[in-house]
Amino acid sequence: MVPDDFAKPVKRFAYYDAEQSFKHPTIRRHVILTGPRRVGKSTIIYQMIHDALDKQVSARNILYVSFDHPMLKISGIDRILKVFINNLAIDENISLFLDEIQYAQDWNCWLKAIYGQNPNYRVMATQSVTPDRDDNMPESGVGRWVQIRIPTLSFYEYLELRGIEVATLPDKIKPTALSELSARDLNELMGKLQPLERHFHRYLLIGGFPEIALSDDVSYAQRIIREDVVDKVLKRDMVALFNVRHIDELERIFLYLSMTTGNIIEAATISNHMDITRPTVLKYLNFLELANLIYMGYPVDMAGKKALKAKPKVYLADAAIRNAVLLQGVRKCCMIRSRWG
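Just so you know, these numbers come straight off a predicted model, no measurement behind them. (Residues numbered from 1 in each chain as written. Predicted model: local features only at pLDDT ≥ 70, side-chain atom pairs only at ≥ 80, totals over all residues. Heavy atoms only, no water.)

A cluster of nonpolar side chains, contributed by Leu-169, Leu-178, Leu-186, Met-190 and Leu-193, occupies part of the molecular surface with about 350 Å² of accessible area. With respect to the helices and strands, the residue Leu-186 is situated in helix H7 (residues 183-193). (Patch = residues over 30% accessible without salt bridge, like charges linked within 9 Å, V, L, I, M, F, W, Y side chains within 5 Å. Areas by Shrake-Rupley, 256 points an atom, 1.4 Å probe, with all protein chains shown as cover. Salt bridge = Lys/Arg side-chain N within 4 Å of Asp/Glu carboxyl O. Helix = DSSP H or I, 4+ residues; strand = E, 2+ residues; numbered from the N terminus.)

Where helix H11 (residues 247-260) contacts helix H12 (residues 267-274), the two axes come as close as 11 Å, and the packing angle between them is 120 degrees. If you check the angle between H11 and H12, you find them oblique. Every pair of crossing elements has a handedness; the one defined by H11 and H12 is right-handed. Contacts between H11 and H12 involve Arg-252, Ile-253 and Tyr-256 from the first element and Thr-269, Ile-270 and Met-274 from the second. Split by residue class, the contact of H11 with H12 holds four nonpolar, one polar and one charged. (Axes fitted to C-alpha atoms, helices over the stretch in contact; angles between N-to-C directions. Parallel < 35°, antiparallel > 145°, perpendicular 65-115°, else oblique. Left-handed = near helix turned anticlockwise from the far one by under 90°. Contact = heavy atoms within 4.5 Å. Nonpolar A, V, L, I, M, F, W, Y, C, P; charged D, E, K, R; others polar.)

Right, let's talk about the packing of H12 against helix H13 (residues 278-290) for a bit. Here H12 crosses H13 at 115 degrees, and the two axes come no closer than 9 Å. Two packed elements cross with a definite hand, and for H12 against H13 that hand is right-handed. Here H12 contributes Ala-267, Ala-268, Ile-270 and Ser-271 to the contact with H13, which in turn contributes Arg-278, Val-281 and Leu-282. The class makeup of the residues in the contact of H12 with H13 is five nonpolar, one polar and one charged.

Among the five residues that make up strand E3 (residues 95-99), five are buried, leaving the element largely enclosed by the rest of the structure. Taking every second residue as pointing to the same face, both faces of E3 are buried, with Ser-95, Phe-97 and Asp-99 on one and Leu-96 and Leu-98 on the other. Pairing of strand E2 (residues 62-66) with E3 involves five bridges; the strand directions are parallel. Residue pairing in the sheet places Tyr-64 in a bridge with Phe-97 of E3. With helix H3 (residues 77-87) bridging E2 and the parallel E3, this β-α-β connection has right-handed handedness. Pairing geometry for E3 and strand E4 (residues 122-127), over four bridges, is parallel. Bridging from a neighbouring strand, Leu-96 pairs with Val-123 of E4. The β-α-β motif built from E3, the intervening helix H4 (residues 107-117) and the parallel element E4 has right-handed crossover chirality. (Buried < 20%, exposed > 50% of the residue type's maximum accessible area, 1.4 Å probe, protein only. Pairing = 2+ DSSP bridges. Right-handed = clockwise from strand over helix to strand, strands pointing away.)

This part is about the confidence of the model for the chain. Averaged over the chain, the pLDDT score is 87; the fraction of residues at 70 or greater is 90%. Across residues 134-138 the pLDDT falls below 50, and counting only partners more than four positions away or on other chains, this stretch makes nine contacts in the model. The low-confidence segment residues 332-341, where pLDDT is below 50, has zero contacts with residues more than four positions distant or belonging to other chains. (pLDDT = per-residue confidence, 0-100.)

Time to look at the environment of Phe-155. Looking at where Phe-155 falls in the secondary structure, it is placed in helix H6 (residues 155-162). On a C-alpha basis, the gap between Phe-155 and Leu-204 in space is 9.1 Å, while along the polypeptide they are 49 residues apart. Among all residues touching Phe-155, those that are not within four sequence positions of it are Leu-196, His-199, Phe-200 and Tyr-203.

In this structure the tally under the stated criterion is 13 aromatic pairs. Here Phe-155 and Tyr-203 contribute two aromatic rings whose centre-to-centre distance is 5.4 Å and whose plane-to-plane angle is 50 degrees, an arrangement assigned as tilted. Of the two residues, Phe-155 is situated in helix H6 and Tyr-203 in helix H8 (residues 197-206); the sequence distance between them amounts to 48 residues. Owing to a relative accessible area of 21%, Phe-155 belongs among the partly exposed residues under this scheme. For Tyr-203, a relative accessible area of 13% puts it in the buried group. Put simply, the rings of Phe-155, Tyr-158, Phe-200 and Tyr-203 pair up and form one aromatic cluster. (Phe/Tyr/Trp six-rings, centres within 6.5 Å; stacked < 30°, edge-to-face > 60°.)

In structure tokens, the structure reads:
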């Protein structure tokens with residue numbers, strides 16, 4: 001049985017997307033959940049296992065492995081599967097849940113092999129960092145697995161998680177039609193939404209990471225965001241997966257992006273200001289995007305049919321990351337000033 005602390009009672013929209021692909025009766029696909037750390041990917045796996053056990057699926061046919069564990073990083077998927085199949089599984093209707101699969105050696109080759117050789121296997125995996133698209137995400141995955149990106153909580157999901165009542169609005173009200181409302185209807189709408197304003201301010205401050213969103217200690221929550229979301233990616237994942245050696249350069253670039261999030265980014269400008277070569281800047285921007293810490297927003301034509309060649313805007317994965325990173329810098333400056341008078 002999965003403990004309630006792991007299989008949370010509130011299911012996100014992404015859970016149902018993952019469930020549809022994972023349990024589809026006719027179109028078989030492995031499911032890979034991607035997204036920032038602490039965003040709830042593992043929780044979706046726990047909820048999926050919990051539901052399977054509730055439906056009388058044998059626990060002996062369910063395997064959960066976290067490759068974040070130091071001992072399992074040195075064990076290949078093939079060895080783990082061999083031990084499981086030979087000692088626990090009772091038939092071939094097996095469900096595999098592989099957490100942080102990017103740390104497993106040749107994971108993409110093994111997913112391809114499992115898909116081709118074991119038609120009764122169902123696989124769900126998570127990635128906090130998406131390996132380089134050119135080297136580690138070959139076209140062998142096409143037609144074999146689907147990737148579902150798990151964002152941080154939307155404001156609606158945040159309110160639901162916090163148990164905050166949301167006003168019921170008429171179905172006819174759409175965001176694109178607000179300008180067409182009469183002054184009376186608009187005032188009535190704003191009156192219904194006004195109680196949510198303070199919650200929205202807190203949402204921007206503390207962010208949409210599910211576990212952290214439940215905390216009432218804002219200062220400690222921001223510390224956890226820095227340590228669990230930012231520092232683990234910059235100082236551990238980047239070294240292990242992308243062989244980054246100059247972490248100081250990467251941190252400086254990420255600090256710059258934190259201060260300019262939502263703006264157009266030019267690699268040449270960052271290169272000139274930080275004395276880092278332009279190819280290195282572009283490489284680190286790519287790494288940060290693959291690590292789900294930033295998103296690139298490319299302009300499209302008015303018809304929405306093609307991307308334009310203009311420079312992209314860069315957004316942090318969550319507004320709280322900016323607050324956590326910049327407030328840490330302010331605190332460090334204050335400490336230095338107090339020490340030196």
